[in-house]
Amino acid sequence: MGVLIRRRLTQLVLVVLAVTSATFIMLEAIPGDPCRQRIGPTATPEAIELCHEELSLDEPLPARYANWVGGVLRGDFGESYSNGISVRTTLAQVAPVTLQLVLYSLVLSLVIAVPLGVLAAYREGGKTDKTLMMSAYGMLSVPSFVLGVVLILLFSVHWQIFPSVGVVPLSENPPEHFRSMVLPVITLAVADIAIYIRTLRTEMSATLREDFITVAKSRGLSNRRVLWNHGLRASSLGLLTFVGLNVGRLIAGAVVVERIFGINGIGNYLVNSVIQRDYLVLQTLVAILAVAFVLVNLLVDILYAVVDPRIKPGTQT
Amino acid sequence: MKLRGGKFGLFAWMCVAWLVIVTLFAVLAPWIPFVDDPENSDLSVFGDGPSWSHWFGVDEIGRDVFARVVWGARMSLVIGFSATLMAVIIGGTLGLVAGFRGGRFDSFVAATVDIALAVPTLILLLFVVAVFGRSLPVIIFTLAWLMVPFSARVIRAATLSESHREYILAARVSGAHDRRILRREILPAVTPVILTFALIVVGIVILLEGTLAFIGLGLPPPTPTWGSMISEGRTALDDAPHISLFPSAIMFLTLLAINIIGDAVQPRSGKRESGVI
Amino acid sequence: MIQRSGKNWFRVAAVTAVFAIGAAACGGSSSSDTDDTAVSSGDEANSTDNSDDSSGDASDSANDAADNGEDAGQDALPTPDDVDEVAAELPIQRGGSITYALESETAAGWDLSRTACPRACLQVAQTIFDPLITVDADGEFAGFLLESFEFDSERSVWVLEVRPGIEFQNGEELNAEAVALHLRTLLEPESISALALEYVESVTAVDELTVEVFVPPGENGEPAPAAGFPGQLAGQAGLVRAPAMIADAEAQLNPIGTGPFALAEWLPNDHTTVVRNEAYWLDGEDGQSLPYLDEVTFRPLPEGRAEAVLSGTIDMMHSADISDLEKFVENDGFNLEASDTFAEPSYLMINQDSPPLDDIRIRRALALCLDGQTIIDVRSAGIPTLANGPYAPGSIGYLAETGFPDFDPEAGMALIEEWEAENGELRPIRYGTIAGNSASITAQLQSKMWNDCGIEIDFRQLEFGEHVESGQLGDFDMLAWRFGGGPDPSSMYQFWHSSQAQPVGESSVNFNRIRDDVIDENLDRMRSASDPDEFREAAEAVSLRFGEQVYNLWTSWTVWGIGYDDNIHQVTILSLPGGGFALPLSSGNHFLTEAWVDAG
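Bear in mind the structure is a predicted one, so any value in this text is a computation, not a measurement.

Undergrad: Is there a simple way to think about the packing of aromatic side chains in this case?
TA: Two descriptors summarise a pair of aromatic rings, namely the distance from one centre to the other and the angle between the planes of the rings. Evaluated as defined, the whole model comprises 33 aromatic pairs over all chains. Between Phe155 of chain A and Phe162 of chain A, the ring centres sit 6.3 Å apart and the planes meet at 55°, which makes this aromatic pair tilted. Judged by relative accessible area, Phe155 of chain A falls into the partly exposed class, the value being 25%. Considering the side-chain rings of Tyr280 of chain C and Trp281 of chain C, the 5.7 Å spacing of their centres and the 55° angle between planes classify their relative orientation as tilted. Both residues of the pair, Tyr280 of chain C and Trp281 of chain C, count as buried. Members of the aromatic cluster, joined through ring pairs, are Phe25, Phe34, Trp55, Phe56, Phe66 and Phe246 of chain B. A cation sits over an aromatic face here: Arg527 of chain C above Tyr493 of chain C, 3.5 Å from the ring centre.

Below you can see the structure in the form of structure tokens.
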């Protein structure tokens, strides 16, 4: 385990360096000048130049990259070119809601998908299985932005049950917080529910055919016990692979959901930084996301080892 | 490739029929007499719902929705299949070799895939669009790129489990060339998995194209794709829902059909498939 | 002509009927300046109306009412006068807070001397800062923080008298020194008003409450170019910042003004909260100080603002998108106020430095091939008025006929053929439009019309920043824009004057790179005009020249509206200290100073 963690951490540094330099170079290629935007249509060449100096945009690329790296190591994650607000401050304000969105979505999708997936596998070939599979395919065939907009029209505008935009912070008003999260979380979770049901069902139905299941049953263990303890445990690896892979997709999906529901989370922060050509902010966000990604993979690997001690830590199948 | 006996029943055949119809319409679109010019605007009826002259109604600027859905099918299917093909070939090759060879090559591929996954999609997309513009090849390439890591992982997993079977191990030990084993034993065994997986990816890619259209990075208008039509019609959902709903319905049915076929075609296996399909 | 069927048809009829009732009800009141041209423009706007349309009768009678004294520009949405002020009989309630959805966030913050402040920004800024001068309901400049402003032509000095007894939100006093300091910083090179105020030589506080702004006369004894000064003070430049804010290195995060609300919290892209300024200098009807509201929270929402208000999530929103505004018409529980008085025009800028757009035949062809009225009918329910120049009906400089080409695709095609005979095939024209679904659909329709004429169009959608940048660097052929308006036609000086035109690739404030002697001359005339007639003539000359040369493709005069929960009252009322009321809705901006919420 220790070897795994050490290796992964080295990998982390390499990945982050590779990703951030690639991003730096890519951002250079995207046309756009944060100063012109900031000052607006009446910007004179003098004003623009003064702004460039102020933001160190007149320095060459490698120097700026080095400055950024130095800054990050010192704990200075940079400031927005637009308004000088530090990335740290903004991140602290926007991260919670996206994390909540992703977490609630993960929980919701697993809570719904696991029992249904097990059920479908248990009753493989039967009506329940077929109905569940059809519903799963159905859910997979609807794009999130359509779902989101339709949900808003129905539940917000027509029936006025849920707010159409914005999220109330948890600390401010817990019941309202959850009420305002319902529609966004559903929108984000739907596709995942379908994927998890399918994955689990396939995994389980294969597992249930394995010898050790027959052995367990012949030892007189109840169906339920066999199903949940033995079957599910063995199948959860496949599910875990997907969940791990999916976190990245969830963050991307959160961007769309945040846009539709007017939620100011990390996705929105990222999108706005791109629009405003806030290079420093983007760099830092990319680095943070890369770190998060590697850490999540590490977590999944550790979980693998926990769930199935036979597997050598570090080999995701 | 074995089909699950009995599973490929009437229902699955209906799905095949649907896909065939959609594909036929898409391919023959320019020549079908009752499919209008998708860019022709009849402003006298803009926003109207279905009628005898316009089966799916007309959009905000008077274009026939039915015609646009048919032409959109062309685009969506071309994008779906091309991007999937590219992703499966590239990702598949990486995955096959990584899963089979193992060791350092495997780690290298895993690391590269990780890095590719870690780059935020949005920035990558913007970069590609900024430098190369928004054209069909660019969209296909971008979508393929998004699917390569997924592809590589899945095919690697399948290859891994296949490679550890006794007869393969025996073959390798006895000195048979790797490439030969890959070609003759592994590939045929893994192909069903790849095919089923490819079907899923087509569905994902078609959906993703819609999301790209929503955030403004898809094919530039006025070329119709299902995704861009749905996205464009969303502001009119409350008083002209047909503009979004018909393409949504057709896309939904098509994706559903693909998924159902994918499931029906799934090889029956007595062993665990590493749970990705 | 254009018939709508089903719901759209009904909607138009309903909307026009509402106006007819509203107009008839307040046909007696006159809210804004009406000149003869307003009457003829009213007729003109409706001559394209479909006479088969059953709503035609309603709209004709509506326009008769319009001729009686309403601003005849936009004619089918409720105007600020139409809003039923039952509330006038209710006792005003103090307290409460409202949420307001804005079109965009002001990412750069609140130091308005340094950074751009579009409509959404101004709406917030007007709560924190007060203007030196504002525009009254008749379209005249009226002092707000200033008691008076007069040009002393002998000494070539604008004499500004500051109103006594006003404090900034931090306790600093608003006096001549403070105003002079504010104005002086606007002359610095980093200031966004540096060009607009380039004719100012010095600003001096001559006593406790008097500021003198010296505008030197022309070199050859020409009059001083000082006529545009009040217009500037009625805009972004006139929003006075406290001395402590000016000295603050992070001024953009800590705005301090004299306004009715003070900034409490700003989380970019999330919300901006302003709270009641307890020491505000204007009093309400009950003798206590304004404002009545305790708190306003602004939320930037590029999409879904109308839905947000209609679902009860947000209290109030503004929009220039007719499809948003339509949702509020005949909607119980909600009010709508819309206006295009002194509207900013929506138009396509044409780049003079991008051949072949420097050839007038191409420009005219582009205008001839675009059926602007149809676009308005199809995309905006026929509500905004087709524009023919930079100045809206009711504004100085407006002309019913400017020589701007009417829709005539055959003439357009003929011009293209003529050009192509000399020069070979016309290359695709690059068209940059704004972001958003609605703009994309409209651009597709426009492109179709041009395609029908044989002009190939290559259009892209741009975010605000990309727009600004393309414009500055001249990286465009046509660029969709929405700018200008207001009561002062000389305010566009630096955007149209050749002195500000730089070649493509260099930063140019004159995006179009217009280098036109007639326009230069008349812009200068406006700046130096000493009597209103000369001013008007110069403005009209500019209008005519634009029409003839087609430097811009005018599309419509932008209708802005605010849709809100009907338990909020007096959202467009501001009683002026010198008597009268401020202009209720100026390109979507309005004062929340006297707004109140009915909590019951």
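Undergrad: I would appreciate a short explanation of the interface of chain A and chain B in the present structure.
TA: Interface size, as often reported, equals the accessible area lost upon joining of the parts. Contacts between the two partners involve 51 residues from chain A and, on the opposite side, 50 residues from chain B. When chain A packs against chain B, close to 4,600 Å² is buried across both sides, 72% of that on carbon and sulfur atoms. At the boundary of chain A and chain B, one finds 0 residue pairs in polar contact (both at pLDDT 80 or more). The set of elements that each furnish at least two residues to the side of chain A that touches chain B consists of α1 (2-29), α6 (127-140), α7 (144-158), α8 (174-207), α10 (223-260), α11 (266-275) and α12 (279-307) of chain A. By residue number, the principal contributor to the side of chain A that touches chain B is α1 of chain A, which donates 8 residues. Across the side of chain A that touches chain B, the residue classes tally to 32 nonpolar, 12 polar and 7 charged.

Undergrad: Quick question: what am I supposed to make of the pairing of strand β8 (residues 261-267) of chain C here?
TA: Regular strands show a simple pattern: their side chains alternate between the two faces of the sheet. Residues and elements named next belong to chain C. Pairing between β8 and strand β9 (residues 271-276): 6 bridges, direction antiparallel. When the bridges of β9 are listed, Ala262 appears paired with Val275. Once β8 ends, the chain turns through 3 residues before running back antiparallel as β9, passing Asn269 with a positive phi of about 70°.

Undergrad: Teacher, can you tell me more about a negative patch on the surface here?
TA: A cluster of acidic side chains, namely Glu219, Glu222, Asp517, Glu521 and Asp524 of chain C, defines a negative patch on the protein surface. As for its placement among the helices and strands, Glu521 of chain C is situated in helix α16 (residues 517-528).

Undergrad: Explain the pairing of strand β4 (residues 146-152) of chain C here, please?
TA: Residues and elements named next belong to chain C. Sheet analysis places β4 next to strand β5 (residues 157-162), joined by 6 bridges and oriented antiparallel. By the bridge assignment, Glu150 is partnered in β5 with Val159. Counting the residues between successive antiparallel strands, the hairpin from β4 to β5 contains 4 residues, one of them, Ser156, with a positive phi of roughly 60°.

Undergrad: Could you clarify how one ought to interpret the nonpolar core in this entry?
TA: It is characteristic of soluble globular proteins that their nonpolar side chains tend to be buried jointly. Among the nonpolar cores identified, the biggest contains 167 residues, and Tyr196 and Ile260 of chain A, Trp226 of chain B together with Leu77 and Phe328 of chain C are the most heavily contacted of them. Of all the elements, helix α5 (residues 87-122) of chain A adds the most residues to this core, at 14 residues. Residues in contact with Tyr196 of chain A, not counting those within four places in the same chain, are Leu106, Ser109, Leu110, Ala113, Leu239, Phe242, Val243 and Asn246 of chain A. Counting residues in hydrophobic clusters, the runner-up holds 78 residues, among them Ile85 of chain A together with Ile128, Phe144 and Leu239 of chain C.

Undergrad: Would you explain the sheet that holds strand β15 (residues 429-434) of chain C in this entry?
TA: Hydrogen bonds between backbone atoms are what pair the strands of a sheet, whose relative direction is either parallel or antiparallel. Residue and element names in this part refer to chain C. A sheet is described by the order of its strands in space; here 6 strands give the open sequence β14-β18-β13-β17-β15-β16, paired in mixed fashion. A strand with exactly one partner marks an edge of an open sheet, and here the two such strands are β14 (385-386) and β16 (457-462). Relative to strand β17 (residues 478-482), strand β13 (residues 345-350) is paired through 5 bridges, and the arrangement is antiparallel. Opposite Met349, over in β17, you have Leu479 as the bridge partner. Of the strands in this sheet, β13, β15, β16, β17 and β18 (552-557) touch helix α13 (residues 437-452), which is tilted by about 165° from β16.

Thresholds applied
Residues numbered from 1 in each chain as written. Chains lettered and ligands numbered in written order. Predicted model: local features only at pLDDT ≥ 70, side-chain atom pairs only at ≥ 80, totals over all residues. Heavy atoms only, no water. Phe/Tyr/Trp six-rings, centres within 6.5 Å; stacked < 30°, edge-to-face > 60°. Buried < 20%, exposed > 50% of the residue type's maximum accessible area, 1.4 Å probe, protein only. Lys NZ or Arg CZ within 6 Å of the ring centre and 35° of its normal. Contact = heavy atoms within 4.5 Å. Buried area = accessible area lost by both parts, 1.4 Å probe. Polar contact = N/O pair within 3.5 Å; in protein donor to acceptor, adjacent residues only side chain to side chain. Helix = DSSP H or I, 4+ residues; strand = E, 2+ residues; numbered from the N terminus. Nonpolar A, V, L, I, M, F, W, Y, C, P; charged D, E, K, R; others polar. Pairing = 2+ DSSP bridges. Patch = residues over 30% accessible without salt bridge, like charges linked within 9 Å, V, L, I, M, F, W, Y side chains within 5 Å. Areas by Shrake-Rupley, 256 points an atom, 1.4 Å probe, with all protein chains shown as cover. Salt bridge = Lys/Arg side-chain N within 4 Å of Asp/Glu carboxyl O. Lys, Arg positive; Asp, Glu negative; His and termini not counted. Charge placed at Lys NZ, Arg CZ, Asp CG, Glu CD. Core = buried A, V, L, I, M, F, W, Y, C linked by side-chain atoms within 4.5 Å. Axes fitted to C-alpha atoms, helices over the stretch in contact; angles between N-to-C directions.

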